[in-house]
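# Structural characterization, general
Okay, here's what each chain looks like letter by letter:
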There are 2 protein chains.
Amino acid sequence: MKRVVFSNVQSDKLFEQVYDYLLERIRRGEWKAHEKLPSVRTLALELNVHRLTVFKAYQLLKQNQKVYVKDKSGYYVQPSNLLQMASQNDPIISAYVHESHLSEIHQVQATYQFSKALLDPNLLPNLYFSEYVKNVFDLYPKVLGTYSTTQGDRELREALCGYFSNRFHFHLSPDELLITSGSQEAIDLIARSLIKPRDVVLLERPTYSPAIDVFHREGATIIPIEIHPHGYDLEQVEMLMQQYKPRLFYLNPTFQNPTGYTVPVDQRKRLVELAEKYQCLLIEDDPYRDIYFGKEPPLPLFSYDTAGCVIYLRSFSKYIAPGLGIATVACRPSLMKYLIKAKSLSDSGAPLLNQKIFLHYFFSERLQQHLVKLRTALAVRKEIMEEELSVTGWKWSSPTGGFNLWVNLPESTPMDRLLAKCLEHSITFVPGSICDPRRELHTWIRVSYSYMNEQQLRDGLKQLVTLSRSLDLEEV
Amino acid sequence: MKRVVFSNVQSDKLFEQVYDYLLERIRRGEWKAHEKLPSVRTLALELNVHRLTVFKAYQLLKQNQKVYVKDKSGYYVQPSNLLQMASQNDPIISAYVHESHLSEIHQVQATYQFSKALLDPNLLPNLYFSEYVKNVFDLYPKVLGTYSTTQGDRELREALCGYFSNRFHFHLSPDELLITSGSQEAIDLIARSLIKPRDVVLLERPTYSPAIDVFHREGATIIPIEIHPHGYDLEQVEMLMQQYKPRLFYLNPTFQNPTGYTVPVDQRKRLVELAEKYQCLLIEDDPYRDIYFGKEPPLPLFSYDTAGCVIYLRSFSKYIAPGLGIATVACRPSLMKYLIKAKSLSDSGAPLLNQKIFLHYFFSERLQQHLVKLRTALAVRKEIMEEELSVTGWKWSSPTGGFNLWVNLPESTPMDRLLAKCLEHSITFVPGSICDPRRELHTWIRVSYSYMNEQQLRDGLKQLVTLSRSLDLEEV
């Protein structure tokens, strides 16, 4: 067998080797069509690798239609023409891809998706969306025949300027807004435009995992800033800014992902002063702003910025309509022009249809009514999660908004085994190490209460707690 | 004045300097609000720079709302709070952006857009689109509340597999298709996943300009392959593959952009053999396939590929619905997994709504009827363009499909001056040098007949011809 060469994909090697090994045995006919393959546990022992490694190899075999799963009882050899295709030699390829660690977990199809910080589609006013769409076609009959500009529909950008001005005292011109397909794209464009290898980037610890991946990909030197329930140690931040001259600090100060922590007003003002003093851009990601359970959160850092040091990312997918894929970036024209150029090389702007639907829905009264209901529904789900976890002795700081609980498990918890066991039982969560630029925080997990209904939350959490207890017993 | 630092943006320097210089004079009050600024010609003489440089600086001043244009009579100083904002010091920023040269021309608002290889929105069946959208909401009431997978909607990928199998004898599984927001995004993902600095990339000469920009950005060593009305010199291609071991050859063999040339069947087969022999991936971009004026073009290279050497990019924006932003990439799973990973770092997949609308429209009978009309309409527009240009003595090879005419002007034509003059008269075209990896081909232009109606085509081309003649006279 001619082996595919995987250079620069170090972390994948073991799992790929197991994959290749299994595929080779299937090809040789050691296991025939419809034959049951060894269990994850057995193979892990046989090959002396971690069970999660075997699990991932099986998942890829399944995805590539080499094996199938039957009644959760195990993996079986898939009889298929595809097998013959795969047995031809692959061209020698090597890829230079930095992998999204979070996306690996998200690829797992599970019954209890505590890993997904996404909104349950049932919580959206789906029935009414088609009305807005109809309006859009009445108003703009050629909407599907028309390209947006790269920067985004001007009417939408003007409306958003008005919204930002009313709500947060941002005074923007439409030229200072870019419409993107999500804050993920915005981070990607910023990293590609503004970071070169060895530039210093500050990231919260823990932080939004794909941000780590994106800045790593650009070769940035990453320095973590600890985030606590009441913000950062600003003396340390100043010292780091002074010493390392970071190019930017990517932060999510409101119902932070994954912790749910919110940075207080005085720290916000001080951070903007520090950013100006040390010429460090602040990339403020703000996807959860409207998901608060008590009072409204403090104003964005962007509100305090007079020197153009803050780039403000606002995703609306989380609670408006994930299916539209609309987010916006606000920054000064001197920076904006680079983001537009970067975007022009990857697409010609968000689809106009989606921008127009968003425009008509976002500024409607119905959205405001919906948001009130949504906050209540999510607060209830959060309480259910906290109630179910209250029996464990695990620790967390109760968030006042957002989608996530950031939970500290006992030191003794074998986290890798817990994750593998949960995956076997169709339960996912995000291990803390994925959110940590240092890849530590092994005793923490992120569990989201946004995606499942109340019953699913209860059932899934009960199982998760039971599995963790069974591991504790094994350890003893 | 604190100057913005532009590192790594060499080609911009002059234009930026002119911009800064003008802005500084406005800020100092040398020109007051509503005062008329010097003409492009005058300033170009004064500063001893090209008129296009001054023009671009003025365009950016306009875009940044420092100046405004009145009745085409010139540029005037904009009185505005924005000016005060801009007069604060910008943070010191340096950006690492490789600029899309084509997008610069596209940013110019012009009456006669010969630079846009886009479809005239009036040629689309806009009236019927809303029906398909209504169907989509009836069938998938939660479509706006649902994320697509990163790879794209499975139902759409399955339908496209059937289509490719029927039309082109591609035998694909849905796992071998990725839905992107356009072929531009696909090229971007391929470059980011598969190219590292100093990898050798073959590009057609001339080629699709943003492809040059994207592979440059990744630091590739680019080797041009001349494309002629009947294809390539395959002996030269083989020699280059043997000698330089290129990682990939990006090509657009059907109604090529910008030339309109089509590579014949025997060359297609031979290219696939060469690619396999020398382990060089072929990136086949195929956006114009259904826009043929005579008989259908030859099958894609992908049809002849058994070894997985071809990655097939198929954009549908050009003639289905630009506002949907749907394209697809077909390749083997071993490559696909890297593209998916790269995509997962930039967004979470094309919006589901757009994929579902596309699915229902693309496979409808109405689309087939529409395509017949569309081909006729575009053939007529092409003939009008050829008729208007027939008085010039310029040379071109009449294309049998696509959106563009690739025209050779006399050696004596001062191309930079022609472009500047056209821009002043609200006419755009694409100078050949932008499409040339060597940045030569100074006597060629690409003019698109797809975006304007018949009358606009005639009026614009008459003006273009007149302007070029007036320059010829000046030269004499």
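Overview of the structure. Residue indices begin from 1 for each chain and proceed along its sequence in written order. To read the labels, note that chains go from A and ligands from 1, taken in the order they are written. Where totals are concerned, whole chains, interfaces and linings use all residues; where local detail is concerned, this predicted model gives features only for residues with pLDDT of at least 70, and gives and counts side-chain atom pairs only at 80 or more. The side-chain values count all of the structure's non-hydrogen atoms but skip hydrogen atoms and water molecules.

### Thoughts on the overall build of chain A
Cut-off, in case you're wondering: By definition, any uninterrupted DSSP run of H or I lasting at least four residues is a helix, any uninterrupted run of E lasting at least two residues is a strand, and each is numbered from the N terminus. All radius of gyration figures rest on C-alpha atoms, and the globule criterion is 2.2 Å times the number of residues raised to 0.38. Accessibility here uses a 1.4 Å probe with only protein chains present; expressed as a share of the type maximum, an area under 20% marks a residue as buried, one over 50% as exposed, and anything in between as partly exposed. It only takes one pair of heavy atoms within 4.5 Å for two residues to be counted as in contact.
When helices and strands are tallied, chain A shows 16 helices and 15 strands. Rg of the C-alpha trace for chain A: 24 Å, near the compact-globule value of 23 Å for 476 residues, within the 12% margin. The C-alpha extent of chain A, read off along each of the three principal axes, is 70 × 55 × 50 Å. Per-residue burial for chain A yields a buried fraction of 64% across its 476 residues. If you take every contact in chain A between residues at least 6 apart in sequence, the share linking residues at least 24 apart comes to 74%.

### Focus on empty space enclosed by the protein
The line we're drawing: Here the term cavity refers to a set of points on a 1 Å grid, laid over the protein atoms alone, in which a 1.4 Å probe fits but cannot get out; the term pocket refers to an open set having protein on both sides within 12 Å along at least five of seven lines, with lining residues being those that place an atom within 4 Å of a point. Grid points are joined across faces, edges and corners, and a volume is the space filled by probe spheres set on the points. In the scheme used here, Gly and all other residues not listed as nonpolar or charged are polar, with Ala, Val, Leu, Ile, Met, Phe, Trp, Tyr, Cys and Pro taken as nonpolar and Asp, Glu, Lys and Arg as charged.
Taken as a whole and assessed by the stated rule, the structure comprises four cavities of 30 Å³ or more. If you add up the space inside the largest cavity, you get close to 80 Å³. Contributing to the lining of the largest cavity are 13 residues, with E185(A), S346(A), D347(A), E185(B) and S346(B) lying nearest its centre. Secondary-structure elements contributing two or more residues to the lining of the largest cavity are α8 (183-194) of chain A together with α8 (183-194) of chain B. Its residues placed into classes, the lining of the largest cavity shows two nonpolar, three polar and eight charged. Its volume calculated, the second largest cavity comes out at about 60 Å³. Looking at the second largest cavity, the residues that line it are Q151(A), D175(A), P333(A), M336(A), K337(A), I340(A), L60(B), Q63(B) and N64(B). Elements with a minimum of two residues in the lining of the second largest cavity: α12 (333-344) of chain A together with α3 (51-63) of chain B. In terms of residue count, α12(A) provides more of the lining of the second largest cavity than any other element does, four residues in total.

### Regarding the sheet that holds strand β12 (residues 404-408) of chain B
Residues and elements named next belong to chain B. Using the following cut-off: Two strands pair if DSSP finds at least two bridges between them. For helices, the fitted line uses only the C-alpha atoms of the stretch in contact; every axis is such a line through C-alpha atoms, and the angle between N-to-C directions lies from 0 to 180 degrees.
With antiparallel pairing, the four strands of this open sheet are ordered in space as β11-β12-β15-β14. Of all the strands in the sheet, the pair left with one neighbour each is β11 (395-396) and β14 (430-431). With five bridges joining them, β12 and strand β15 (residues 444-448) adopt antiparallel strand pairing. Bridging across to β15, N408 finds its partner in W444. Packed onto the sheet, helix α14 (residues 365-389) meets β11, β12 and β15 and runs at close to 20° relative to β12.

### Some words on the pattern of salt bridges
As a reminder of what qualifies: In the sections that follow, a salt bridge refers to a side-chain nitrogen of Lys or Arg positioned within 4 Å of a carboxyl oxygen of Asp or Glu.
What the rule picks out here adds up to 63 salt bridges over all chains. Between E158(A) and R154(A) there is a salt bridge, and its shortest N-O distance comes to 3.2 Å. A residue pair is termed a helical-turn pair when its members lie 3 or 4 positions apart in one helix, as E158(A) and R154(A) do in helix α7 (residues 154-168) at four residues. Salt bridges linked by common partners bring D188(A), R192(A), R217(A), E218(A), D188(B), R192(B), R217(B) and E218(B) together as one network.

### Observations concerning the pairing of strand β9 (residues 310-315) of chain B
All names here are of chain B. Of all the six residues making up β9, six are buried; the element is thus mostly covered by neighbouring parts of the structure. Burial along β9 is two-sided: V310, Y312 and R314 and I311, L313 and S315, pointing in opposite directions, are all buried. Across four bridges, the pairing between strand β8 (residues 281-285) and β9 is parallel. Across the sheet, the residue bridging to I283 is I311, located in β9. Bridge count between β9 and strand β10 (residues 327-330): four bridges; the pairing is antiparallel. Across the sheet, R314 pairs through a bridge with T328, a residue of β10.

### Re helix α11 (residues 265-277) of chain B
Residue and element names in this part refer to chain B. Defined as follows: One less than the residue count of a helix, multiplied by 1.5 Å, gives the span that helix is expected to have. It is the directions from the helix axis to the C-beta atoms that the arc portrays.
In this model, α11 (13 residues) spans 19 Å end to end at C-alpha, consistent with the 18 Å of a helix rising 1.5 Å per residue. Buried within α11 we find Q267, R268, L271, V272, L274 and A275. Buried residues in α11, looked at end-on, bunch into an arc of 160°, giving them a common side. Of the exposed residues in α11, the ones pointing more than 90 degrees away from its buried face are D266 and K277.

### A few points about the side chain of E218(A)
Residue and element names in this part refer to chain A. Note the cut-off: Any pair of N or O atoms that falls within 3.5 Å is considered a polar contact. Within protein, one atom must be able to donate a hydrogen and the other to accept it, and sequence-neighbouring residues count only if both atoms are side-chain atoms.
You can see E218 is positioned in the loop between α9 (209-217) and β6 (221-226). At 2.8 Å, the side chain of E218 forms a polar contact with the side chain of R217. Discounting residues that sit within four places of it in the chain, E218 has contacts with A191, R192, I195, K196 and P197.

### Digging into the sheet that holds strand β7 (residues 248-251) of chain B
One key point about sheets: their strands pair by backbone hydrogen bonds, in either a parallel or an antiparallel sense. Residue and element names in this part refer to chain B. Read across the sheet, seven strands follow the order β4-β10-β9-β8-β7-β5-β6 without closing on themselves; strand pairing throughout is mixed. Looking at the sheet topology across the chains shown, the edges are occupied by β4 (177-180) and β6 (221-226). The average undirected angle you get between the axes of adjacent strands in this sheet is 20°. With respect to the sheet, α8 is in contact with β4, β7, β8, β9 and β10, its orientation differing from that of β9 by roughly 150°.

### Concerning the environment of P38(A)
All names here are of chain A. By secondary structure assignment, the location of P38 is in the loop between α1 (13-27) and α2 (40-47). In this structure, the C-alpha to C-alpha distance between P38 and Y76, residues 38 residues apart in sequence, is 9.1 Å. Not counting residues up to four positions away in its chain, the partners in contact with P38 are W31, L43 and Y58.

### Some remarks on the side chain of R268(B)
Residues and elements named next belong to chain B. Stated precisely, the cut-off is as follows: Residues scored as charged are limited to Lys and Arg (positive) and Asp and Glu (negative), so that His and the chain ends carry no count.
Inspection of the secondary structure assignment puts R268 in helix α11. One buried charge, R268, has no salt-bridge partner; the nearest side chain with opposite charge is E284, at 4.1 Å. Within the structure, the side chain of R268 is placed 2.7 Å from the backbone oxygen of V263, a separation counted as a polar contact.

### Observations regarding the packing of aromatic side chains
How two aromatic rings sit relative to each other is given by the distance of their centres and the angle of their planes. Residues and elements named next belong to chain A. Just so we agree on the cut-off: By convention, a stacked pair of Phe, Tyr or Trp rings (six-membered ring in the case of Trp) has centres within 6.5 Å and planes under 30 degrees apart, an edge-to-face pair has planes over 60 apart, and any other such pair is tilted. The rule for a charge over a ring is simple: NZ of Lys or CZ of Arg within 6 Å of the ring centre, and within 35 degrees of the ring normal.
In this structure the tally under the stated criterion is 48 aromatic pairs over all chains. For the pair F215 and Y250, a centre-to-centre distance of 6.3 Å together with 50° between the ring planes defines the contact as tilted. One end of the pair, F215, is in helix α9; the other, Y250, is in strand β7 (residues 248-251), with 35 residues separating them in the sequence. The two residues F215 and Y250 agree in class, both being buried. Clustering of aromatic rings is evident, with ring pairs tying together Y163, F164, F168, F170, F302, Y312, F316, F358, F362 and F363. Above the face of the Y128 ring, R366 is positioned so that its terminal group lies 3.6 Å from the ring centre.

### Examining the state of the cysteines
Residue and element names in this part refer to chain A. Quick note on the threshold: Any two cysteine sulfur atoms lying within 2.5 Å of each other are counted as a disulfide.
Counted under the stated rule, the structure contains zero disulfides over all chains. The closest cysteine sulfur to the non-disulfide-bonded C331 is located on C309, 12 Å from its own sulfur. Residue C331 is classed as buried on the basis of its relative accessible area of 1%.

### Digging into helix α7 (residues 154-168) of chain B
All names here are of chain B. The first and last C-alpha atoms of α7 sit 20 Å apart over 15 residues, in line with the 21 Å expected at 1.5 Å per residue. For α7, every residue scored as buried is listed here: L156, R157, L160, C161, Y163, F164 and F168. Packed against the buried residues of α7 are β4, β9, β10 and α13 (352-362). Immediately downstream of α7, the backbone of H169 shows phi near 60°, a positive value.

### Side note on the environment of Y312(B)
Residues and elements named next belong to chain B. For Y312, the location among the structural elements is in strand β9. Taking relative accessible area as the criterion, Y312 reaches 0% and is therefore assigned buried. Sequence-wise, Y312 and P322 are ten residues apart; in three dimensions their C-alpha atoms are separated by 20 Å. Setting aside anything within four residues of it in sequence, one finds Y312 in contact with F164, F170, E284, D286, R289, P300, F302, T328, V329 and A330. Separated by 2.5 Å, the side chains of Y312 and D286 make a polar contact.

### Regarding unusual backbone geometry
P206(B) follows R205(B) through a cis peptide bond whose omega is 0°. Within the secondary structure, P206(B) is located in the loop between β5 (200-205) and α9 (209-217). One non-glycine residue, R439(A), lies in positive phi territory at about 60°. What makes R439(A) partly exposed here is its relative accessible area of 28%. Of note, L441(A) is a non-glycine position whose phi angle comes to about 50°, a positive value. With respect to the helices and strands, L441(A) occurs in the loop between β14 (430-431) and β15 (444-448). Residue classification places L441(A) among the buried positions, given a relative accessible area of 17%.

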